[in-house]
Amino acid sequence: MRRIWKTRGDKLVADVKTIIEPFDEAGDAAFRVTASSLPEVFTGCGLALSNLILPRAEPGGVCRPGLGTPAMRRIKLAAPDLESLLVGFANEIIFLFDSEAFVPMQFRFRELTYMEKDEGEGSARLEAEADGIVLTEDAIHSAADQGAILGLVPKAASYHMIEVAELADGRWTARLVLDA
């Protein structure tokens, strides 16, 4: 079975809204996302993670003046299954923040594929562009001094309780736990 989702244009259009629900999991950050398509579920997970890191960012990438400069990063990943692909996607967002102070605020998926082969094996691929900001050094320093800008910066995404599934009604859901 081969499923391919490709988007055109700048935004995904949903016929049902994306629902992001945080839940408690042993002191770690965790959330469930439900949406009408797999790309929208991945987008919801990415935005939930970005909002943990930079809770004062506004939708569409608008932030307070002087906080950072607009930027775009490409993300290209492959994994044996959708769960591993989601963990890799979340870890890439964390890595981009740790290495470049980049916080994504919008995602455009050029490709999101999953191919299920015989005997439960498979392969998943993702290619996306992430628009966001690179925080200035002054913003990061003032955040450390005042604790006012940055929220929770997780260490990594976990495989604990990971889930990516298509629901009976055709919508998609994902559950992701982050190690704080």
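Residues numbered from 1 in each chain as written. Predicted model: local features only at pLDDT ≥ 70, side-chain atom pairs only at ≥ 80, totals over all residues. Heavy atoms only, no water.

Structural notes on the overall build of the protein chain
(1) Moving on: Across its full length, the protein chain carries three helices and eight strands.
(2) Moving on: Put simply, the protein chain has 180 residues, and 45% of those count as buried.
(3) Moving on: Contacts in the protein chain between residues at least 24 apart in sequence constitute 70% of all its contacts with a sequence separation of at least 6. (Helix = DSSP H or I, 4+ residues; strand = E, 2+ residues; numbered from the N terminus. Buried < 20%, exposed > 50% of the residue type's maximum accessible area, 1.4 Å probe, protein only. Contact = heavy atoms within 4.5 Å.)

As for helix 1 (residues 38-53)
(1) Moving on: Over its 16 residues, helix 1 runs 23 Å from end to end, which matches the ideal 22 Å to within 8%, given 1.5 Å per residue.
(2) Moving on: Most of helix 1 is tucked away: 13 of the 16 residues are buried. (Expected span 1.5 Å × (residues − 1).)

Digging into helix 2 (residues 82-100)
(1) Moving on: Across its 19 residues, helix 2 extends 26 Å between first and last C-alpha, which sits within 8% of the 27 Å expected from 1.5 Å per residue.
(2) Moving on: Of the residues making up helix 2, those classed as buried are L82, S84, L85, L86, V87, F89, A90, I93, I94, L96 and F97.
(3) Moving on: Tucked into the core, helix 2 has its buried residues touching helix 1, strand 4 (68-79), strand 5 (102-116), strand 6 (122-135), strand 7 (156-166) and strand 8 (172-179).
(4) Moving on: Two or three places before E83, at the start of helix 2, stands the capping residue D81, its side-chain oxygen 3.3 Å from that residue's backbone nitrogen.
(5) Moving on: Trailing helix 2 by a residue or two, A101 shows a phi angle of about 60°, which is positive. (Polar contact = N/O pair within 3.5 Å; in protein donor to acceptor, adjacent residues only side chain to side chain.)

Let's talk about unusual backbone geometry
(1) Moving on: Of note, A101 is a non-glycine position whose phi angle comes to about 60°, a positive value.
(2) Moving on: If you trace the backbone, A101 turns up in the loop between helix 2 and strand 5.
(3) Moving on: With phi around 65°, M161 is a residue other than glycine that occupies positive phi space.
(4) Moving on: Looking at the secondary structure, you find M161 in strand 7.
(5) Moving on: You can call M161 partly exposed: its relative accessible area is 30%.

It is worth stressing that arrangement in space is one thing and function is another; only the former is reported here.
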